[in-house]
Amino acid sequence: EFIIQKYGVLFSRVHKNDRKRIREHFIKIFRLKGRKKRSFFIEYRIQFNKTEYKWVADNHTVVYDTKGFPETLVGNITDVTFRKEAQEQLAKSYELQKGYLDLLSSVQNALPAYIAMLDKKGNIAAVNESWRNYNGDNGLIHNNLSIENDYIRVCNLSKGEYTAEGKRAARGIRLVLRGKTKEFSIEYPCRTHTGYSWYRLVVTPINRYKNEGAVVM
């Protein structure tokens, strides 16, 4: 009640959703004891007219008496509405982008193709569900390739009948990452228990204007 009485004019204009937080803030301040000045800070919304609220930053310093009790409160209030609204818009934009990414991830996981995302250096940054669940080895895609593996190095180290294709794939991925080509693809046969199957590896840049990684499919 002390806060309401002393700061009644200000408190009555504070947004109803901020009042409890402000009350607790000032009660805590006036229950503290000290010998030196102490500074505090809180942000809240205050009513400027019938329909408009603005965000303010309330900076205040408490001066204590010789017995250590709060004696004087000196402060200033700054309008920070623009910054708070910008932060809110940024948060909304982040949530929107996150929603798009979640949707994109769901779409990728629904595709039967094996998909991996490479970072700028060619390391695997993400794979879709088909890639994770693959139970074989077709030369350039196999289930022991996981996040953070250097995919270019893996291709270069391909042995046996996949040596030539692996080195070609490594060169092609480098070209895509360096912006030298908009797309690289290679077709190669893979031995299975029933004979040979043909696969096609396609690499495209995430961003055609600068190196932000590539998609392998």
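Bear in mind the structure is a predicted one, so any value in this text is a computation, not a measurement. (Residues numbered from 1 in each chain as written. Predicted model: local features only at pLDDT ≥ 70, side-chain atom pairs only at ≥ 80, totals over all residues. Heavy atoms only, no water.)

**Regarding the overall build of the protein**
Next up, step 1: Helix and strand counts for the protein stand at seven helices and eight strands.
Next up, step 2: Sorting the 217 residues of the protein into buried and exposed places 31% on the buried side.
Next up, step 3: Within the structure as shown, the protein displays about 14700 Å² of accessible surface, and the carbon and sulfur contribution to it stands at 52%. (Helix = DSSP H or I, 4+ residues; strand = E, 2+ residues; numbered from the N terminus. Buried < 20%, exposed > 50% of the residue type's maximum accessible area, 1.4 Å probe, protein only. Areas by Shrake-Rupley, 256 points an atom, 1.4 Å probe, with all protein chains shown as cover.)

**Examining the sheet that holds strand 2 (residues 53-64)**
Next up, step 1: Strand order in this open sheet of three strands is 1-2-3, and the pairing throughout is antiparallel. Strand pairing shows two members of the sheet lacking a second neighbour, strand 1 (38-47) and strand 3 (70-79), which therefore form its edges. Recorded for the sheet is a direction-independent mean angle of 25° between the axes of neighbouring strands.
Next up, step 2: With 10 bridges joining them, strand 1 and strand 2 adopt antiparallel strand pairing. Looking at strand 2, one finds that Ile46 is bridged to Lys54.
Next up, step 3: Contacts between helix 3 (residues 19-31) and the sheet are confined to strand 1, strand 2 and strand 3, with strand 1 contributing the most and set at about 160° to the helix. (Pairing = 2+ DSSP bridges. Axes fitted to C-alpha atoms, helices over the stretch in contact; angles between N-to-C directions. Contact = heavy atoms within 4.5 Å.)

**Considerations on helix 3**
Next up, step 1: Spanning 13 residues, helix 3 covers 18 Å between terminal C-alpha atoms, matching the ideal 18 Å at 1.5 Å per step.
Next up, step 2: Listed in full, the buried residues belonging to helix 3 are Ile22, His25, Phe26 and Ile29. Considered in projection along helix 3, the buried side chains sweep an arc of 85° and stay on one side of the axis. Along helix 3, the residues that are exposed and aim more than 90 degrees away from the buried face are Lys20, Lys28 and Arg31. (Expected span 1.5 Å × (residues − 1). Arc of directions from axis to C-beta.)

**Comments concerning the confidence of the model for the protein**
Caution applies to low-pLDDT regions: their predicted coordinates should not be interpreted in detail.
Next up, step 1: With 79% of its residues at a pLDDT of at least 70, the protein reaches an overall mean of 78.
Next up, step 2: Between the elements of the protein, mean pLDDT differs from a low of 46, seen in helix 1 (residues 2-6), to a high of 89, seen in helix 7 (residues 163-177).
Next up, step 3: Here residues 1-5 is a poorly scored stretch, pLDDT under 50, and it has eight contacts once near neighbours within four places are set aside; other chains count. (pLDDT = per-residue confidence, 0-100.)

**Regarding the environment of Ile115**
Next up, step 1: Within the secondary structure, Ile115 is located in the loop between helix 4 (81-110) and strand 4 (116-118).
Next up, step 2: Taking the C-alpha atoms as reference points, Ile115 and Val127, separated by 12 residues in sequence, lie 5.7 Å from one another.

**Focus: the side chain of Asp18**
Next up, step 1: Along the chain, Asp18 turns up in the loop between helix 2 (8-11) and helix 3.
Next up, step 2: Sequence-distant contacts of Asp18, that is, excluding residues within four places in its chain, are made with Tyr44 and Arg45.

**Thoughts on helix 7**
Next up, step 1: In this model helix 7 runs 21 Å from its N-terminal to its C-terminal C-alpha over 15 residues, within 8% of the 21 Å that 1.5 Å per residue would give.
Next up, step 2: Within helix 7, the full set of buried residues consists of Glu165, Gly166, Ala169, Ala170, Gly172, Ile173, Val176 and Leu177.
Next up, step 3: The positive-phi residue at the C-terminal boundary of helix 7 is Gly179, with phi of around 80°.

**Here's the deal with the pattern of salt bridges**
Next up, step 1: In this structure the tally under the stated criterion is seven salt bridges.
Next up, step 2: Between Arg45 and Asp18 there is a salt bridge, and its shortest N-O distance comes to 2.9 Å. Remark: Asp18 occurs in the loop between helix 2 and helix 3 and Arg45 occurs in strand 1; sequence separation between them is 27 residues.
Next up, step 3: The exposure class of Arg45 is partly exposed, given its relative accessible area of 21%.
Next up, step 4: Since its relative accessible area comes to 2%, Asp18 is described here as buried.
Next up, step 5: A salt bridge links Asp79 to Lys54; the shortest N-O distance between them is 3.9 Å. (Salt bridge = Lys/Arg side-chain N within 4 Å of Asp/Glu carboxyl O.)

**Points about the pairing of strand 2**
Next up, step 1: Bridge count between strand 2 and strand 3: nine bridges; the pairing is antiparallel. What sits directly across from Val62, in strand 3, is Leu73.
Next up, step 2: In this antiparallel pair of consecutive strands, strand 2 and strand 3, the connection spans five residues, and Gly68 shows a positive phi of 90°.

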